[in-house]
Amino acid sequence: MATTSSEPVTCVDFWCNEFGMRARIALREKRVPFEFVEEDLRVRHRSDLVRRMNPVHRSIPILIHGGRPVCGSMNIVEYVDDVWTQEEAEAGRLLPADPLERARARFWADFVDQKTRFFTSRGEEKRAAMAELLGHLRRLEAVLGDKAFFGGDEFGFLDVALVPFSAMFYGYEQHGGVDMEAECPALVRWVKRCGEREGVREVLPSGLDMYQIHKEFYQIE
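Below you will find a few notes about this structure. Treat the numbers as computed from the prediction; the structure is a model and nothing was measured.

1. Let's talk about the pattern of salt bridges
Pairing between side chains of opposite charge can happen when their charged atoms approach one another. Counted by the stated rule, this structure contains 14 salt bridges. Arg93 is paired through a salt bridge with Asp82; the nearest N and O atoms lie 2.7 Å apart. Taken together, the residues Arg93 in the loop between helix H3 (73–86) and helix H4 (99–115) and Asp82 in helix H3 connect sequence positions 11 residues apart. The shortest N-O distance in the salt bridge between Glu101 and Arg104 comes to 3.8 Å. With Glu101 and Arg104 both in helix H4, this residue pair falls three residues apart, about one helical turn. Judged by relative accessible area, which is 37%, Glu101 ranks as partly exposed.

2. Some words on unusual backbone geometry
Following Ile60, the chain continues to Pro61 via a peptide bond in cis, the omega torsion being 10°. Among the structural elements, Pro61 can be located in the loop between helix H2 (48–53) and strand S3 (62–65). Notably, Arg31 is not glycine yet its phi reads approximately 60°, a positive angle. Mapped onto the elements of the fold, Arg31 is located in the loop between helix H1 (18–29) and strand S2 (35–38). When its relative accessible area of 70% is taken as the criterion, Arg31 is described as exposed. Even without being glycine, Arg58 reaches a positive phi, approximately 55°. Relative to the elements of secondary structure, Arg58 occurs in the loop between H2 and S3.

3. So, the state of the cysteines
Should the sulfur atoms of two cysteines be covalently bonded, the bond is a disulfide. Inspection of the entire model under this criterion finds zero disulfides. Left without a disulfide partner, Cys16 is nearest to the cysteine sulfur of Cys11, which lies 14 Å away. On the basis of relative accessibility, which here comes to 2%, the residue Cys16 falls in the buried class. Among the cysteines around Cys194, which has no disulfide bond, Cys184 carries the closest sulfur, lying 15 Å off.

Rules behind the numbers
- Residues numbered from 1 in each chain as written.
- Predicted model: local features only at pLDDT ≥ 70, side-chain atom pairs only at ≥ 80, totals over all residues.
- Heavy atoms only, no water.
- Salt bridge = Lys/Arg side-chain N within 4 Å of Asp/Glu carboxyl O.
- Helix = DSSP H or I, 4+ residues; strand = E, 2+ residues; numbered from the N terminus.
- Buried < 20%, exposed > 50% of the residue type's maximum accessible area, 1.4 Å probe, protein only.
- Disulfide = S-S within 2.5 Å.

Given below as structure tokens:
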């Protein structure tokens, strides 16, 4: 039996999980009412709910719609985009309509997933990792160009994929000793533009809060 958009929605996530923020931003952008169930990633063992709803990976985020789970952050974003665009014509799509642009957006979203890790490195390795990370961010800045958002004038799929990681920019500055505004000025302006959106503002934690929790996770002095 097909699930309808009117059935109850639950998002299982941890407040500072960059991947889960994507799901929550997509839901808020689509104005979908949902229950937030927090799964504390500082606790080693996953809850019964997570083990039941994602028995393969036992990871979050998990979207539960009408009692059925959807797993994987970008998979959830696409699901939300599909389900809540069908019956709400006034809600614009996150993914572009053009197949080539859709493929490009998915490619760069995957690039974000692969290229945004930094806090686990130390010493010389940390400096090399920071230089590599800045290179990746500059590449994304080139994709952004002079557009308001990655897809053009409208906030979309790739913006949802990347903006949660902007909460780590403060940490990059504190832990990596870089000036993000000097290094990636267009990205910093884009972050401010995204932050003006209610759906982003309600989900994205402050850079300080994000840095503090990462210090705890990775035992950064």
